[in-house]
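Spelled out, the chains give:
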There are 2 protein chains.
Amino acid sequence: MTLAIEAGLSAGVPTGHPLYKEVKQRITRGLMDGDWRPGEAIPSEAKLAERFQVSVGTVRKAIDELVAEKILLRQQGRGTFVATHTLDRTLFYFFHLVGKDGRKETPGTEMLTFAHGRADAQEATQLGLSRGERVYRIRNLLSLSDEPVVIDDIVIPAQLFPDLSPAVFGTRTGTIYGLYQARYGINVIRIAERLSATLADDSVGQLLGVQAGTPLLSIARLAYTYNDQPVELRHSLVDTTQHEYLSDLVKS
Amino acid sequence: MTLAIEAGLSAGVPTGHPLYKEVKQRITRGLMDGDWRPGEAIPSEAKLAERFQVSVGTVRKAIDELVAEKILLRQQGRGTFVATHTLDRTLFYFFHLVGKDGRKETPGTEMLTFAHGRADAQEATQLGLSRGERVYRIRNLLSLSDEPVVIDDIVIPAQLFPDLSPAVFGTRTGTIYGLYQARYGINVIRIAERLSATLADDSVGQLLGVQAGTPLLSIARLAYTYNDQPVELRHSLVDTTQHEYLSDLVKS
DNA sequence: TTCGATTTGTTCGTATGTATT
DNA sequence: TAATACATACGAACAAATCGA
């Protein structure tokens with residue numbers, strides 16, 4: 001007889017997982033279902049322990065992992081909160097460019113184009129779609145210290161963002177992932193990036209204010225929500241004359 | 001009265017830190033002092049609890065963090081071990097290049113040059129040395145699928161690597177960080193990398209088998225040991241025609 | 001092959017400290 | 001001040017993996 005059954009968590013169905021993994025999954029499901037909105041507190045550890053009929057220590061261990069993944073945020077004396085895509089978080093975890101002096105700066109964003117399209121074979125594979133499914137294609141120009149530095153080409157499944165329009169996208173108040181989260185309930189929790197070096201062509205060079213042939217950093221990003229489901233594909237071209245990409249595996 | 005004093009860990013001296021942080025520091029100090037060599041097991045949790053006069057749970061929490069930082073490695077039923085710089089670990093945590101198909105491959109290394117030198121201003125700053133201190137400069141050519149892909153320029157303080165020579169470096173059996181660890185007791189536990197795009201010049205192009213003017217990925221790496229002490233500076237130039245740099249913030 | 005000792009992994013419960021409201 | 005919530009620390013019991021007798 002497993003402990004999970006004893007505790008009544010999934011009566012009659014052996015899980016094969018430790019109890020705290022089960023608890024973690026149930027909390028994650030609550031997050032996916034929108035039981036608690038971004039910025040809100042989840043129930044206290046004591047209440048969750050009561051609800052799931054496990055000890056507080058087991059709930060803590062489950063939450064520990066979600067906090068380590070930056071999905072939840074603990075604050076002593078206040079509660080445990082669903083992480084929001086604030087500017088600070090974006091800058092810290094999702095924006096990796098720094099000046100050559102090491103300083104990080106908030107980029108200015110200008111939307112250049114917004115188009116409807118169909119996923120090509122590669123995009124479909126990466127986003128887990130069928131080829132030809134409807135997507136939005138958005139091109140942004142990012143500036144640092146009022147100089148253009150990055151061209152971002154975003155591809156997202158139209159299905160996930162029902163009423164997205166240039167107006168909605170352009171008039172957002174916070175970050176792009178903040179928009180996904182607040183308006184569409186899509187919570188980006190992890191990204192993977194593949195970097196290479198390339199050369200600016202004429203059109204790109206014009207946008208970035210560099211000559212054709214200038215070396216650029218090319219970044220292909222895939223953004224994921226819960227359960228490793230990909231939700232956004234983003235290709236960036238970076239002028240690294242004044243800036244660098246920082247890759248720092250942090251410590252606790 | 002603090003708990004640390006009660007427990008006798010640092011009698012009479014208030015730490016201001018939680019007890020488990022104190023325990024973590026003492027284990028870390030043991031690692032720095034070479035009390036337990038890489039690959040060896042540290043004492044069991046019960047023994048450490050006895051030694052430090054704290055509960056097993058407190059020792060576990062200290063070890064938890066060291067495991068999260070990949071300094072220690074736990075194995076149920078066996079013990080807790082000091083992480084070694086095996087090829088697998090290097091490939092997984094310190095080598096970020098993958099083929100365009102996503103596959104990771106063990107690089108072949110060829111030492112091109114080995115020189116004695118003096119730290120310039122920038123190197124001194126980054127390595128925490130005084131300007132003019134003696135350093136070794138080592139240039140390696142890395143190959144993937146028998147094609148040259150990376151030029152590595154390594155700079156390390158001579159003081160930390162007493163009898164290092166081309167022979168010692170060239171006849172090592174394992175990885176470079178494995179050599180640092182096994183022969184000099186220097187344990188690289190973290191790296192930070194700054195990436196930018198650049199162009200191949202004639203000499204570099206010749207080594208990598210590409211034309212001058214080919215875009216290359218430029219990587220400036222700083223490797224750290226305990227207490228964030230920098231120990232190695234490494235500059236890499238990567239031909240990203242067939243390979244990419246993977247930046248993936250992993251999950252638990 | 002079996003069994004027992006050892007070691008880490010999981011879970012429980014309790015008490016107390018510390019920060020917030 | 002009091003209530004609430006997370007943080008730390010302790011101890012105990014059992015599970016699971018490993019290893020050697």
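Reading guide: rules and limits
Residues numbered from 1 in each chain as written. Chains lettered and ligands numbered in written order. Predicted model: local features only at pLDDT ≥ 70, side-chain atom pairs only at ≥ 80, totals over all residues. Heavy atoms only, no water. Helix = DSSP H or I, 4+ residues; strand = E, 2+ residues; numbered from the N terminus. Buried < 20%, exposed > 50% of the residue type's maximum accessible area, 1.4 Å probe, protein only. Contact = heavy atoms within 4.5 Å. Areas by Shrake-Rupley, 256 points an atom, 1.4 Å probe, with all protein chains shown as cover. Lys, Arg positive; Asp, Glu negative; His and termini not counted. Charge placed at Lys NZ, Arg CZ, Asp CG, Glu CD. Buried area = accessible area lost by both parts, 1.4 Å probe. Salt bridge = Lys/Arg side-chain N within 4 Å of Asp/Glu carboxyl O. Polar contact = N/O pair within 3.5 Å; in protein donor to acceptor, adjacent residues only side chain to side chain. Least-squares fit on C-alpha atoms with pLDDT ≥ 70 in both. Phe/Tyr/Trp six-rings, centres within 6.5 Å; stacked < 30°, edge-to-face > 60°. Lys NZ or Arg CZ within 6 Å of the ring centre and 35° of its normal. Near = heavy atom within 4 Å. Nonpolar A, V, L, I, M, F, W, Y, C, P; charged D, E, K, R; others polar. Axes fitted to C-alpha atoms, helices over the stretch in contact; angles between N-to-C directions. Parallel < 35°, antiparallel > 145°, perpendicular 65-115°, else oblique. Left-handed = near helix turned anticlockwise from the far one by under 90°. pLDDT = per-residue confidence, 0-100. Pairing = 2+ DSSP bridges.

Section: the overall build of chain A
For step 1, the next point in the chain: Within chain A one finds nine helices and eleven strands.
For step 2, the next point in the chain: Considered along the principal axes of its C-alpha atoms, chain A spans approximately 70 × 45 × 30 Å.
For step 3, the next point in the chain: The 252 residues of chain A split such that 50% are buried.
For step 4, the next point in the chain: Across chain A, contacts joining residues at least 24 apart in sequence account for 55% of those joining residues at least 6 apart.
For step 5, the next point in the chain: Carbon and sulfur atoms form 50% of the exposed surface of chain A, whose accessible area is close to 12,500 Å².
For step 6, the next point in the chain: Separation between the mean location of the 28 positive side-chain charges and that of the 30 negative ones in chain A comes to 5 Å.

Structural notes on the interface of chain B and chain A
For step 1, the next point in the chain: In this assembly, 29 residues from chain B lie in contact with 29 residues from chain A.
For step 2, the next point in the chain: Of the roughly 2,600 Å² buried between chain B and chain A, counting both surfaces, carbon and sulfur atoms make up 53%.
For step 3, the next point in the chain: One salt bridge in this structure joins B:R190 and A:D248, with 2.9 Å as the shortest N-O distance.
For step 4, the next point in the chain: For the pair chain B and chain A, the interface holds twelve residue pairs in polar contact (both at pLDDT 80 or more).
For step 5, the next point in the chain: Looking at the side of chain B that touches chain A, the elements that each hand over two or more residues are α2 (19-32), β8 (190-199), β9 (215-225) and β11 (243-248) of chain B.
For step 6, the next point in the chain: Considering each element in turn, the side of chain B that touches chain A owes the most residues, ten residues, to β8(B).

Thoughts on the relation of the copies chain B and chain A
Superposition of the two copies of the chain requires a rotation about an axis and a shift along the axis.
For step 1, the next point in the chain: Under the fitted operation, chain B is carried onto chain A by 0.1 Å of movement along the axis and a turn of 180°, and the coordinates agree to an RMSD of 0.0 Å. What the superposition gives is, in effect, a two-fold axis relating one chain to the other.
For step 2, the next point in the chain: Same-surface contact between copies: 100% of interface residues of chain B are shared with the interface of chain A.

What about the packing of aromatic side chains?
For step 1, the next point in the chain: Counting across every chain of the model gives twelve aromatic pairs over all chains.
For step 2, the next point in the chain: Summarising the aromatic geometry, the rings of A:F161 and A:Y180 are spaced 4.7 Å apart at their centres and angled 55° between planes, so their arrangement reads as tilted. On the criterion of sequence distance, the pair formed by A:F161 in the loop between β7 (147-157) and α7 (166-170) and A:Y180 in helix α8 (residues 176-184) is long-range, its members being 19 residues apart.
For step 3, the next point in the chain: Taking the centre distance of 5.2 Å and the plane angle of 70° together, the rings of B:F161 and B:Y184 count as edge-to-face. Note that B:F161 is positioned in the loop between β7 (147-157) and α7 (166-170) and B:Y184 in helix α8 (residues 176-184), a separation of 23 residues in sequence. Here B:F161 and B:Y184 have matching classes, each one buried.
For step 4, the next point in the chain: Sitting over the ring of A:F169, A:R172 keeps its end group 4.8 Å from the ring centre.
For step 5, the next point in the chain: The positively charged end of B:K104 is found above the aromatic ring belonging to B:F92, 6.0 Å away from the centroid.

What to know about the protein's contact with DNA strand C
For step 1, the next point in the chain: Not every one of the 22 residues close to DNA strand C is listed here, only the nearest: A:L19, A:S55, A:T58, A:R78 and B:R74.
For step 2, the next point in the chain: Among all atoms of DNA strand C positioned within 4 Å of the protein, those belonging to sugar or phosphate total 80%.
For step 3, the next point in the chain: Contact between DNA strand C and A:K61: a phosphate oxygen at 2.9 Å from a side-chain N or O atom of the residue.
For step 4, the next point in the chain: A distance of 2.8 Å separates a phosphate oxygen of DNA strand C from a polar atom in the side chain of B:R74.
For step 5, the next point in the chain: Contributing elements (two or more residues each) for the surface near DNA strand C: α2 (19-32) and α4 (56-68) of chain A together with α3 (45-52), β2 (72-75) and β3 (79-82) of chain B.
For step 6, the next point in the chain: Across the surface near DNA strand C, the residue classes tally to five nonpolar, ten polar and seven charged.

Comments concerning the protein's contact with DNA strand D
For step 1, the next point in the chain: What surrounds DNA strand D is a group of 22 residues, the closest being A:R74, B:L19, B:T58, B:K61 and B:R78.
For step 2, the next point in the chain: A distance of 2.9 Å separates a phosphate oxygen of DNA strand D from a polar atom in the side chain of B:K61.
For step 3, the next point in the chain: In the environment of DNA strand D, a phosphate oxygen lies 3.1 Å from a nitrogen or oxygen atom belonging to the side chain of B:R78.
For step 4, the next point in the chain: Contributions of two or more residues to the surface near DNA strand D are made by α3 (45-52), β2 (72-75) and β3 (79-82) of chain A together with α2 and α4 (56-68) of chain B.
For step 5, the next point in the chain: In terms of residue class, the surface near DNA strand D is built from five nonpolar, ten polar and seven charged.

Section: the pattern of salt bridges
Should their charged atoms come close, side chains of opposite charge can pair.
For step 1, the next point in the chain: Enumeration over the complete set of coordinates arrives at 33 salt bridges over all chains.
For step 2, the next point in the chain: Each of A:K21, A:K24, A:E65 and A:E69 takes part in salt bridges that share partners, so that together they form one network.

Some points on the packing of α3(A) against α4(A)
Residue and element names in this part refer to chain A.
For step 1, the next point in the chain: With their axes 8 Å apart at the nearest point, α3 and α4 run at an angle of 110° to one another. Comparing the axis directions of α3 and α4 gives the class roughly perpendicular. Contacts between α3 and α4 pair E45, A46, L48 and A49 from the former with V56, V59, R60 and I63 from the latter.
For step 2, the next point in the chain: Looking at the contact of α3 with α4, its residues break down into six nonpolar, no polar and two charged.

Some points on the packing of α2(B) against α4(B)
All names here are of chain B.
For step 1, the next point in the chain: Direction vectors running N to C along α2 and α4 enclose 60°, while the axes themselves pass 8 Å from each other. Between α2 and α4, the angle is such that the two are oblique. Here the hand of the crossing between α2 and α4 comes out right-handed. Residues L19, Y20, K21, V23, K24, I27 and T28 of α2 form the contact with α4, whose own contacting residues are T58, V59, K61, A62, I63, E65 and L66.

As for the confidence of the model for chain A
For step 1, the next point in the chain: Scored by pLDDT, chain A comes out at a mean of 92, with 92% of its residues at no less than 70.
For step 2, the next point in the chain: Under a pLDDT of 50 for its full length, residues 1-14 of chain A has, in the predicted model, 18 contacts with residues more than four places off or in other chains.

Re the sheet that holds strand β5 (residues 108-118) of chain A
For step 1, the next point in the chain: Across the sheet, eight strands lie side by side as β5(A)-β6(A)-β7(A)-β10(A)-β9(A)-β8(A)-β11(B)-β4(B); this open sheet has antiparallel pairing. Taken across any chain shown, the strands that pair with only one partner, and hence form the sheet edges, are β5 of chain A together with β4 (97-99) of chain B. Here the average twist between neighbouring strands, direction ignored, is 25°.
For step 2, the next point in the chain: Together, β6 (134-144), β7, β8 (190-199), β9 (215-225) and β10 (229-238) of chain A form the strand contacts of α8(A), whose direction differs from that of β10(A) by roughly 160°.

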